[in-house]
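So the chains spell out like this:
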Amino acid sequence: MKKISTLLLALFSAQFLPAQNSVPPETGTFPYSAKDGNFPRAEPLREIDTPTVVKASDFGAIPDDGKCDRAALQKAIDTLKKRGNVKLLLEKGTYDIIDFGNTDRNSQALRIDGAENFVLDGNGAKILMHKPLNKFIYSHNCKNTIIRNLVLDNSIRPASFGKVVDTGKDSMNYVDVEIFDGYPTPDEEMFTSTAKSSFCYFLDEKNPPRHAPGTYGNYSVGKVKHLEARKYRIYISNRGDKQMAKTKAGMLWRNSARNGNNAVSIYAAENFTCQNIIINSSNAGAFAGSRCLNLNFLNCRIEPAAGEIFSTNADGFHMANNRNGVWMEKCYVKGVGDDTMNTYKLGIFLHERLGARTFKTGVKVRNNEPPRKTPSDMFENGDDVVLFTGGDGKIIFRAKVAEFDKKTGAITLDKDVPEIPLGFDKMKSTTIYNVSRGKGTVILDCVFEDNFRYGVFLKTSNVLIENCKFIAQSAEAIAAFNEAGWPEGFLAENVTIRDTLFKDCGFYGSYEESPKAATIVFACEHQKQPPAQRKNIWLENNTIEGWNKAALRIMYADNVTLKNNTIGKPSPRSPNKDNPVIIVK
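Bear in mind that the values here come from a model prediction, so they are computed numbers and not experimental data.

Caption draft 1: Structural view of the overall build of the protein. Helix and strand counts for the protein stand at five helices and 44 strands. Taken over C-alpha atoms, the radius of gyration comes to 24 Å for the protein, in line with the 25 Å a tight globule of 585 residues would show. Oriented by its inertia axes, the alpha-carbon framework of the protein measures out at about 70 × 60 × 50 Å. With 585 residues in all, the protein has 60% of them scored as buried. Within the protein, contacts between residues at least 6 apart in sequence are counted, and of these 73% link residues at least 24 apart.

Caption draft 2: Spatial organisation of the pattern of salt bridges. Under the counting rule described, the total for this entry stands at 24 salt bridges. Among the salt bridges present, the one from aspartate 176 reaches arginine 233, with a minimum N-O distance of 2.7 Å. Of this pair, aspartate 176 sits in strand β10 (residues 173-179) while arginine 233 sits in strand β13 (residues 231-236), and the two are 57 residues apart along the sequence. For the pair aspartate 176 and arginine 233, a shared accessibility class is recorded, and that class is buried. Through salt bridges with shared partners, one network takes in Arg258, Asp338, Asp339 and Arg453.

Caption draft 3: Inspection of the sheet that holds strand β7 (residues 135-140) at higher detail. Pairing within the open sheet is parallel, and its 11 strands lie in the order β5-β7-β15-β17-β20-β23-β32-β35-β38-β41-β44. The outermost strands of the open sheet, each flanked by one partner alone, are β5 (108-113) and β44 (581-584). Strand-to-strand twist in this sheet, taken as the mean axis angle between neighbours without regard to direction, amounts to 10°. As judged from the three bridges shared by strand β35 (residues 478-480) and strand β38 (residues 520-522), these two strands associate in the parallel manner. Each bridged residue has a counterpart across the sheet, and for alanine 479 the counterpart in β38 is valine 521.

Caption draft 4: Structural detail: the sheet that holds strand β12 (residues 219-228). One closed barrel holds the six strands; their spatial order is β9-β10-β13-β12-β11-β14, and the pairing between them is antiparallel. The sheet shows a mean angle of 45° between the axes of neighbouring strands, direction not considered.

Caption draft 5: Structural detail: the packing of aromatic side chains. Within the structure shown, the criterion is met by 21 aromatic pairs. Taking the centre distance of 5.4 Å and the plane angle of 70° together, the rings of phenylalanine 161 and tyrosine 183 count as edge-to-face. Of this pair, phenylalanine 161 sits in strand β9 (residues 159-169) while tyrosine 183 sits in the loop between β10 and α3 (189-194), placing them 22 residues apart in sequence. Each member of the pair, phenylalanine 161 as well as tyrosine 183, carries the same accessibility label: buried. When the centroid spacing of 5.1 Å and the interplanar angle of 15° are considered together, the rings of phenylalanine 470 and phenylalanine 502 count as stacked. Highlighted residues: phenylalanine 470 in strand β34 (residues 469-471) and phenylalanine 502 in strand β37 (residues 501-503), separated in sequence by 32 residues. Phenylalanine 470 sits in the buried class, given a relative accessible area of 0%.

Caption draft 6: Looking closely at the nonpolar core. Core analysis: the largest hydrophobic core is formed by 83 residues, its most contacted members being Phe287, Phe297, Phe317, Met328, Phe470 and Phe522. In this structure phenylalanine 287 touches Val264, Cys274, Ile277, Ile279, Phe297, Cys300, Ile302, Gly316, Phe317, His318 and Met319, once residues within four positions along its chain are discounted. Listed in part, the 21 residues of the second largest apolar core include Cys200, Phe202, Ala212 and Ile236.

Caption draft 7: Up close: the environment of methionine 555. With respect to the helices and strands, methionine 555 occurs in strand β41 (residues 552-555). In this structure the C-alpha to C-alpha distance between methionine 555 and asparagine 542, which are 13 residues apart in sequence, comes to 19 Å. Those residues in contact with methionine 555, other than ones at most four positions away along the chain, are Lys516, Phe522, Ala523, Arg534 and Val584.

Caption draft 8: Local environment of the side chain of arginine 239. Checked against the element boundaries, arginine 239 lands in the loop between β13 and α4 (241-244). No salt bridge is formed by the buried arginine 239. Its closest oppositely charged neighbour is glutamate 513, at 7.1 Å. Within polar-contact distance, the side chain of arginine 239 engages the backbone oxygen of glycine 217 at 2.4 Å. If we skip the residues at most four places from it in the chain, arginine 239 touches Asn173, Tyr216, Gly217, Asn218, Tyr219 and Met244.

Caption draft 9: Representation of the side chain of threonine 340 in the model. Of note, threonine 340 is situated in the loop between β22 (332-334) and β23 (341-344). A distance of 3.2 Å separates polar atoms of two side chains, one belonging to threonine 340 and the other to asparagine 451. Here the side chain of threonine 340 touches glutamine 473 through a polar contact of 3.0 Å, side chain to side chain. Dropping the residues within four chain positions of it, threonine 340 is found in contact with Gly316, Phe317, Val333, Phe448, Asn451, Tyr454, Gly455 and Gln473.

Caption draft 10: The environment of alanine 125, seen in detail. Here alanine 125 lies in strand β6 (residues 116-129). Taking the relative accessible area as the measure of exposure, alanine 125 reaches 0% and is therefore buried. Spatially, the C-alpha atoms of alanine 125 and leucine 152 are 8.8 Å apart, while their sequence positions differ by 27 residues. Non-local contacts of alanine 125, meaning those with residues more than four positions away in its chain, are made with Leu90, Glu91, Lys92, Gly93, Tyr95, Asn149, Leu150 and Val151.

Caption draft 11: Spotlight on the environment of lysine 394. If you trace the backbone, lysine 394 turns up in strand β27 (residues 394-404). Residues lysine 394 and isoleucine 537, spaced 143 residues apart in sequence, show a C-alpha to C-alpha distance of 20 Å.

Caption draft 12: Looking closely at the confidence of the model for the protein. For the protein, the mean per-residue pLDDT works out to 90, and 91% of the residues sit at or above 70. Long-range and interchain partners of residues 2-26, a stretch whose pLDDT sits below 50, account for 41 contacts in this model, where long-range means more than four residues apart.

Caption draft 13: Main features of unusual backbone geometry. The linkage connecting phenylalanine 30 with the following residue, proline 31, adopts the cis geometry, with an omega of 0°. With respect to the element layout, proline 31 can be found in the loop between α1 (6-13) and β2 (52-55). Proline 209 follows proline 208 through a cis peptide bond whose omega is 5°. Within the fold, proline 209 resides in the loop between β11 (197-203) and β12. Look at aspartate 504: it is not a glycine, yet its phi comes out positive at around 60°. Residue placement: aspartate 504 occurs in the loop between β37 and α5 (509-513). Aspartate 504 gets classed as partly exposed once you look at its relative accessible area, which sits at 33%.

Thresholds applied
Residues numbered from 1 in each chain as written. Predicted model: local features only at pLDDT ≥ 70, side-chain atom pairs only at ≥ 80, totals over all residues. Heavy atoms only, no water. Helix = DSSP H or I, 4+ residues; strand = E, 2+ residues; numbered from the N terminus. Rg over C-alpha atoms; globule rule 2.2 N^0.38 Å. Buried < 20%, exposed > 50% of the residue type's maximum accessible area, 1.4 Å probe, protein only. Contact = heavy atoms within 4.5 Å. Salt bridge = Lys/Arg side-chain N within 4 Å of Asp/Glu carboxyl O. Pairing = 2+ DSSP bridges. Axes fitted to C-alpha atoms, helices over the stretch in contact; angles between N-to-C directions. Phe/Tyr/Trp six-rings, centres within 6.5 Å; stacked < 30°, edge-to-face > 60°. Core = buried A, V, L, I, M, F, W, Y, C linked by side-chain atoms within 4.5 Å. Lys, Arg positive; Asp, Glu negative; His and termini not counted. Polar contact = N/O pair within 3.5 Å; in protein donor to acceptor, adjacent residues only side chain to side chain. pLDDT = per-residue confidence, 0-100.

Set out below in structure tokens:
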């Protein structure tokens, strides 16, 4: 183990000085510190006074009776959610979600709309979903609400699981897989037609659910051929010979039926806390939050159930365009099928000019989706915004919002805008980002291990990560960069990372092929010489072990401080053994 040298730090300090007082006093002062109580946002809602306690059994929700409890639980929520200062208490046991009535596969088991001063206390109960492509809980427009002490799981895994017994190629590359008992087979409807997408991954047979080193993510299943008994031939439609050469007999194989229905989705909430929630499986991610103020996750766990290998099919925490950053404390995440934590701002397209500084706006996330109206709470007068083009990844204009028409989505800026490309093309058109949003993320005392892709995909500002562990993330442990053509926020400013362990991260195929990969990376994925879009980065008392390619890579950033960080030995896979810290101005 070795410390980053004083000489190296001195060399950097002349060019990369820490910013002072770069955050308003009411939201803390950069660099942040939990030890000093200096946080970039208000502390989380931890308790609500609830003198009234009502049992779910009073509405007919009885655990362990094998009957569907959805209607009874929903009736209890609807009756109590607006009464104020009330707790809905479940008895310990298992509540089954079997029948959704006339609703379709995209429905949620439980919906919480407009709750205020409300606690849903599971008391350690399990909600067992019998339709694995649906979501468990959907919440909208709630204020001062806590959901706690619940276990969420599926009776049928929304994934197949087995072992590779052979590989080959005829019309396209394939793997032959023996499916383990107790898991759905890859020719079932949830994989072939019901889910929105079906991906497979290869896992390290010695350390599941760890990604198999050198293999890639999101192998698309082209077609499935039943060979015999529980043996199937899986044709891969999106990977060539070079990428398939990384696969081999003996690897474990996971096929995800991914439907986009996160286990818990929270929208437009204010002071909302998930506490002591355990999520064992989900067809998509575990927790999703959008357009929220003071969204909190305390002592939550995303982990495989006993005897299982993996948990969710997508992100652990997917935080999109919240009004401020989320607070994560003492959370544990293992075995998720995509980013452990992704936090960003959503880009809104400017698709028609109405004047020198006025434009029509709209939302379009994927090319195959029709445009949608901009949400009415997306902008407020005085918000700071930047205009950005996805193809070259550059900020082309900065301004403030002078007026936003919540009905039509028309936006007027405080100064004239030059000619810019308009439309809904991710690569060519202009998007506008509200950079006043999403500030103030806290990740404290958390452990992330054996997850696919990024530990934290960081595309927001005013961030504190302290006393955490990132172990065996298959890509970067912390990645702060923007991707060409993907309309998500990209500014990473006022970021403090302290007292955190990073170990054995960065080993899947796409990571190893990237020229900018590192355990911790602040970079622009595709620009050669961009203007700085990252600034005020403070790393102190961190340990980085088993790094591949680089321990730390910071490109085109202003004001970087490195202090008392310890760099351990590189991974045996690393082509670079001697230069763990790479700074590019």
